[in-house]
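Examining the three-dimensional arrangement
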Amino acid sequence: PGGGAADPATLPHVLSLIIMVNEKFREQVNAWQAFETRAEVFPAFFAAVVAAQESEDASVREKGMIVKFLVNCFQSLENAMVRGVCLQQVALPLWLHISRARLELEIRQAPQLEKKWKSMVKKQKKDGAASTPLFLPTLLSSFFSHLASIPASGKVEMETRKYLERVLEFLIDLIAQLPTRRFFLAMLLDRQLVVRARLAPLAGRPEGRLFTQLLDLLAFYQDFEINEHTGQPLSRDEVLARHYGKIQLLQRHAFALFPDELREFALSNIGAVEGRENLQACLSKLSKPQLKALLSKVHLIPAEEDCSDEQSGIWEDHKLLLEVGTVMHQARTSQLDAINALPVYPNENLLWDENVVPSVSFSGLDVLALPKLNLQYLTFHDYLLRNFNLFRLESTYEIRQDVQDAALRLRPRIQTHSGNTIFTGWSRSCIPLENFEVVEVAKPNLGETRPAHVLGEATFSLQGIRDQKLLKEWEQFREHDILFLLTLRAKFKQGENPPNREGKSKEDYCLSYIRGCEVQGMLDVDGRIYNPLDREGKGLPKGPERTVRVKLDPAQYALDAADKAAGGDEVYRTFNILLKRKAAENNFKAVLECIRDLMNTDIVVPDWLHDVLLGYGDPAAALYTSLNPMRTVDFNDTFIDGSHVEEYAASVYPGAPVTFKPNAKGQTVSPFRVTFPKGEDTEVVAESYLPPDPGPYPEQARKSNAVRFTPVQVGAILAGTNEGLTQVVGPPGTGKTDTAVQIVSNIYHNFPGQRVLLVTHSNQALNDIFEKIAPLNIHERHLLRLGHDAEKLDTAEDFSKWGRVNFMLQKRIELLAEVGRLATSLGGVGD
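My aim in this report is to walk through the structure given alongside it, one point at a time. (Residues numbered from 1 in each chain as written. Predicted model: local features only at pLDDT ≥ 70, side-chain atom pairs only at ≥ 80, totals over all residues. Heavy atoms only, no water.)

Turning next to the overall build of the protein chain. Along the protein chain, the regular secondary structure elements total 31 helices and 12 strands. Within the protein chain, buried positions represent 44% of all 831 residues. Long-range pairs, those at least 24 residues apart, make up 71% of the contacts in the protein chain between residues at least 6 apart in sequence. Carbon together with sulfur atoms contributes 52% to the accessible area of the protein chain, which is approximately 44,600 Å² in total. Distance between charge centroids for the protein chain: 2 Å, based on 94 positive and 106 negative side chains. (Helix = DSSP H or I, 4+ residues; strand = E, 2+ residues; numbered from the N terminus. Buried < 20%, exposed > 50% of the residue type's maximum accessible area, 1.4 Å probe, protein only. Contact = heavy atoms within 4.5 Å. Areas by Shrake-Rupley, 256 points an atom, 1.4 Å probe, with all protein chains shown as cover. Lys, Arg positive; Asp, Glu negative; His and termini not counted. Charge placed at Lys NZ, Arg CZ, Asp CG, Glu CD.)

Bringing the packing of helix α1 (residues 11-26) against helix α4 (residues 60-74) into the picture now. For the pair α1 and α4, the least separation of the axes is 9 Å and the interaxial angle reads 55°. Viewed along their axes, α1 and α4 adopt a mutual orientation that is oblique. Once α1 is placed against α4, the crossing between them reads as left-handed. Contacts between α1 and α4 involve Leu 15, Ile 18, Ile 19, Val 21, Asn 22 and Phe 25 from the former and Glu 62, Met 65, Ile 66, Lys 68, Phe 69 and Asn 72 from the latter. Across the contact of α1 with α4, the residue classes tally to 8 nonpolar, 2 polar and 2 charged. (Axes fitted to C-alpha atoms, helices over the stretch in contact; angles between N-to-C directions. Parallel < 35°, antiparallel > 145°, perpendicular 65-115°, else oblique. Left-handed = near helix turned anticlockwise from the far one by under 90°. Nonpolar A, V, L, I, M, F, W, Y, C, P; charged D, E, K, R; others polar.)

Turning next to the sheet that holds strand β4 (residues 454-461). With antiparallel pairing, 6 strands are arranged side by side around a closed barrel as β3-β4-β7-β6-β5-β8. Strand-to-strand twist of the sheet, defined as the mean angle between neighbouring strand axes without regard to direction, takes the value 45°. As judged from the 7 bridges shared by strand β3 (residues 430-441) and β4, these two strands associate in the antiparallel manner. Residue Val 438 lies in a different strand from β4, and its bridge partner there is Gly 456. (Pairing = 2+ DSSP bridges.)

The interhelical angle for the contact between helix α17 (residues 288-297) and helix α19 (residues 318-327), taken along N-to-C directions, is 35°, at an axis separation of 10 Å. Two packed elements cross with a definite hand, and for α17 against α19 that hand is left-handed. Contacts between α17 and α19 involve Lys 288, Leu 291, Lys 292 and Leu 295 from the former and His 318, Leu 321, Leu 322, Val 324 and Gly 325 from the latter. Residue composition of the contact of α17 with α19, grouped by class: 5 nonpolar, 2 polar and 2 charged.

Moving on to the packing of aromatic side chains. The relative placement of two aromatic rings is captured by the distance of their centres and the angle of their planes. Following the criterion strictly, the structure yields 35 aromatic pairs and no others. Taking 6.5 Å as the distance between ring centres and 70° as the angle between the ring planes, the aromatic pair formed by Phe 460 and Phe 477 counts as edge-to-face. Highlighted residues: Phe 460 in strand β4 and Phe 477 in the loop between α23 (468-475) and β5 (482-488), separated in sequence by 17 residues. You can call Phe 477 buried: its relative accessible area is 11%. Considering the side-chain rings of Trp 474 and Phe 477, the 5.7 Å spacing of their centres and the 85° angle between planes classify their relative orientation as edge-to-face. Taking the ring centre of Trp 474 as reference, the NZ or CZ of Lys 580 above it sits at 5.2 Å. (Phe/Tyr/Trp six-rings, centres within 6.5 Å; stacked < 30°, edge-to-face > 60°. Lys NZ or Arg CZ within 6 Å of the ring centre and 35° of its normal.)

What follows deals with the pattern of salt bridges. One pass over the full model with this rule turns up 37 salt bridges. Across the salt bridge formed by Lys 372 and Glu 169, the nearest N and O atoms sit 2.8 Å from each other. Taken as a pair, Lys 372 in the loop between α21 (348-351) and α22 (380-410) and Glu 169 in helix α9 (residues 158-175) lie far apart in primary sequence, 203 residues in all. Among the charged side chains, a salt-bridge network with shared partners connects Arg 166, Glu 169, Asp 173 and Lys 372. (Salt bridge = Lys/Arg side-chain N within 4 Å of Asp/Glu carboxyl O.)

Further remarks concern the environment of His 229. With respect to the helices, strands and loops of the structure, His 229 is situated in the loop between α12 (209-222) and α13 (236-257). A residue is classified by how much of its surface remains accessible, and His 229, at 18% relative accessible area, is buried. Separated by 119 residues in the primary sequence, His 229 and Ala 110 have C-alpha atoms spaced 7.1 Å apart. Apart from residues no more than four positions distant in its own chain, His 229 is found in contact with Trp 95, Glu 106, Ala 110, Gln 112, Leu 113 and Arg 182.

Looking now at the sheet that holds strand β10 (residues 658-661). In space, the 4 strands of this open sheet follow the order β9-β11-β12-β10, with mixed pairing throughout. Bordering the open sheet on either side are β9 (632-636) and β10, each of which pairs with just one other strand. Between one strand and the next, the sheet's axes are offset by a mean angle of 20°, whatever the strand orientation. Pairing of strand β11 (residues 672-675) with strand β12 (residues 684-688) involves 4 bridges; the strand directions are antiparallel.

Let us now look at the pairing of β12. The buried fraction of β12 is high, at 4 of 5 residues. Of the strand pairs in this sheet, β10 and β12 are connected by 4 bridges, and their pairing is parallel. What sits directly across from Phe 660, in β12, is Ala 686.

Our next topic: the environment of Leu 168. Among the structural elements, Leu 168 can be located in helix α9. Separated by 169 residues in the primary sequence, Leu 168 and Asp 337 have C-alpha atoms spaced 26 Å apart. Those residues within four positions of Leu 168 in sequence are excluded, and the remaining contacts are Phe 143, Leu 193, Phe 211, Leu 214, Leu 215 and Leu 218.

A few words on the environment of Trp 32. Mapped onto the elements of the fold, Trp 32 is located in the loop between α1 and α2 (33-36). For Trp 32, a relative accessible area of 4% translates into the label buried. In the structure, Trp 32 is positioned 11 residues away from Val 21 in sequence and 7.9 Å away in space, judged by C-alpha atoms. When sequence neighbours within four positions are dropped, the list of residues in contact with Trp 32 reads Val 21, Phe 25, Phe 42, Phe 69, Asn 72, Cys 73, Ser 76, Asn 79, Met 81 and Val 82. Of the polar contacts made by the side chain of Trp 32, one reaches the side chain of Ser 76; its length is 3.1 Å. (Polar contact = N/O pair within 3.5 Å; in protein donor to acceptor, adjacent residues only side chain to side chain.)

Our next topic: the side chain of Lys 292. With respect to the secondary-structure elements, Lys 292 resides in helix α17. Of note is the side chain of Lys 292, whose polar atom sits 2.8 Å from the side chain of Glu 316. Not counting residues up to four positions away in its chain, the partners in contact with Lys 292 are Ile 301, Glu 304, Trp 315, Glu 316 and Leu 321.

Here helix α28 (residues 711-721) lies mainly inside the structure; 8 of its 11 residues are buried. All of the buried residues along α28 are Gln 713, Val 714, Ala 716, Ile 717, Leu 718, Ala 719, Gly 720 and Thr 721. In this structure, the buried residues of α28 make contact with β9, α27 (642-652) and α29 (736-750).

On to the pairing of β11, then. Side chains Phe 672 and Val 674 project from β11 onto a buried face, and the interleaved Arg 673 and Thr 675 project onto a face without burial. With 4 bridges connecting them, β9 and β11 associate as antiparallel partners. Looking at β11, one finds that Thr 632 is bridged to Thr 675.

A word on unusual backbone geometry. Most peptide bonds are trans, and most residues other than glycine sit at a negative phi. The amide bond that connects Ser 670 to the next residue, Pro 671, takes the cis arrangement and shows omega of 10°. Tracing the backbone shows Pro 671 in the loop between β10 and β11.

On the surface, a cluster of nonpolar side chains totalling about 320 Å² of accessible area is made up of Trp 802, Val 805 and Leu 809. One can find Val 805 in helix α31 (residues 801-825). (Patch = residues over 30% accessible without salt bridge, like charges linked within 9 Å, V, L, I, M, F, W, Y side chains within 5 Å.)

Further remarks concern the side chain of Thr 721. With respect to the helices, strands and loops of the structure, Thr 721 is situated in helix α28. Given a relative accessible area of 3%, Thr 721 falls into the buried group. A distance of 2.7 Å separates the side chain of Thr 721 from the backbone oxygen of Ile 717, its partner in a polar contact. When residues no more than four places from it in sequence are discounted, the contact partners of Thr 721 are Met 630, Val 633, Ile 743, Asn 746, Ile 747, Asn 750 and Phe 751.

Another point: α12. Over its 14 residues, α12 runs 20 Å from end to end, which matches the ideal 20 Å to within 8%, given 1.5 Å per residue. Along α12, 10 of the 14 residues are buried, which leaves the element largely enclosed by surrounding structure. For α12, the set of buried residues is Leu 210, Phe 211, Gln 213, Leu 214, Leu 215, Leu 217, Leu 218, Ala 219, Tyr 221 and Gln 222. Among the structural elements, α8 (136-148), α9, α10 (178-191), α11 (193-198) and α22 are those in contact with the buried residues of α12. (Expected span 1.5 Å × (residues − 1).)

Structure (structure tokens):
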């Protein structure tokens, strides 16, 4: 394609290749394999794509396809062929297309680039033109042109709207990866794209909801707390210093230029003027020419003499100038504070938001207002944040399916004589509520505005439930179980049937409100939390009525309280259904809170893992051989005998002699400590040693490994025992579990002061590993099984949380008894 000037590629031909690549990406098929056979012509093909994007012959729909192709290209930077042409488009020459004011600001913030910039400009003047045509300036102009074509009212062309949404997706991708963000962000800020797009008519129309959500995501990454040129995340203090510096610069120029109009603003403290309303009030005192002069002084818009005729027309809008000055200087909520204020449970609005939680399988033909899981991330906070948002929305989709199924089965109808909602159907996962009330709202913690915690009590009746298993489920909720409170308001009278069609909104399922909650416990006869282990407790009530105390989401409660103060409903007095989900599907809250807690702590990620995790650097740098591997390793009982050691040494160090050192009894038997060759020392030394004596009784005998690991498996065990990242991959039956168990055992004996955390994809997989670890030479007091299904462990001891507490209490009794016997034998007298 695009072989040369004598044989230029036609627009239909280029579009056919673009459509092929886009379709392969949609089907998750390798799209670049066919191009790699002629990698030398790919730059010419990419130039033809850029020319097609700028062509007046291409329709809006075809331009949308081209932008989708560019999205796929910049999401494939791991491919050297694609990376070579893509990164040229977002390199330093991009700054040739920004205003002189913005250029000065960027050079001031990154002085190390000044020398490179001058060298590049000198080379450009010598060559006469840029070596590589850049398409991003033209793409932004096309974006603004199509955005301006949409009126405030009337018909919105669907293809134009989709094109604009696709361009926003592309821009988000560019600033969400460090290699493409570094120089392109300056152009985005120079054009003030986010502010101008938010003031466009499309942003205020119902058809522009997805467009607005994409703008919010673009604004989030535009203001992401990172240094674009060093890649280092910014601390809270550094973010505040940046913000204060912007306002102080504005105040200095305001005082110098307009001492009469803005004297009070210029002399005020930052806290008094950084609010949006205060900023707008102060800047509104200036006329349009005055505001243009002030904003050009702080490098937010081009100076009058630097503007072309087209650019001059843009900055003649007083509303736009006022918004630019306000948005760029107003106080912003930190990203961490915004996440902490976000409700963990989905509400009725999020459940049916098609732009973030589509009801049908995503085909890739449209855009979603979601962050992507790239190969590269800006910071570790960015990595956690994307996982938090995507997991939250994934769980929201599953919850919506359960709510839809329950609402259809319950068949809510309007009672004829009373007009109330009654339920003519039945669902195993739901039970009608007789009453719900909020019983406690704690005062906010210091520095917070939401309540510290909110408690509620839900009362329901078990009358009519004959299934004993189901009855047990409803009256024996466990602590931390997740429930949902629903308000269903019927739309049809008794005897009427709704039309047979698929529901697409919450109204189609008669849902008004949904709130999540966490079980604190069932209430006993005295209204206290029921504890089956409490022998003095009076137990659950005798009748069918039950009450469960729950913890509500404080963030959601604060939002509902604000909505009520503005004239909204009293949400918590309307609930009429309690919904439960299967435990295996209902752990989303714990996962989300774990991710959020990680974002709120100073996570210490090892240096060797940090860059690999974020997608930078060489993954091989995280292998133990690239770090500081231990020369002498206690393999414990990994090796069965001396010949097993020789077998491994021969495969790794061919020809190296193996020297054995006997243990204190003169035996050369397992366990072994192995010293590997280093430098001029070429021999492998295997030292046998005597493990601690477990005791004289047969039941105290030490259980040894009986698996004769292959050299490859021993290599994996050695890698797992050392510092570094180890992946053990293989089909079923190749010994992955046994290898993992031996790694745990070796870490336990090599690093007795360290803790080991085992995480698996399922409870059953964890039980399988735990049952193999428990019999090993690991003291029982050092083992703990957390999570559900701990009771299904096939072990003699109870390794659950309460089992470990009982074990330690029993151990205390045994030790006290030993002390008593010792005191008696010595004739001692004690209390």
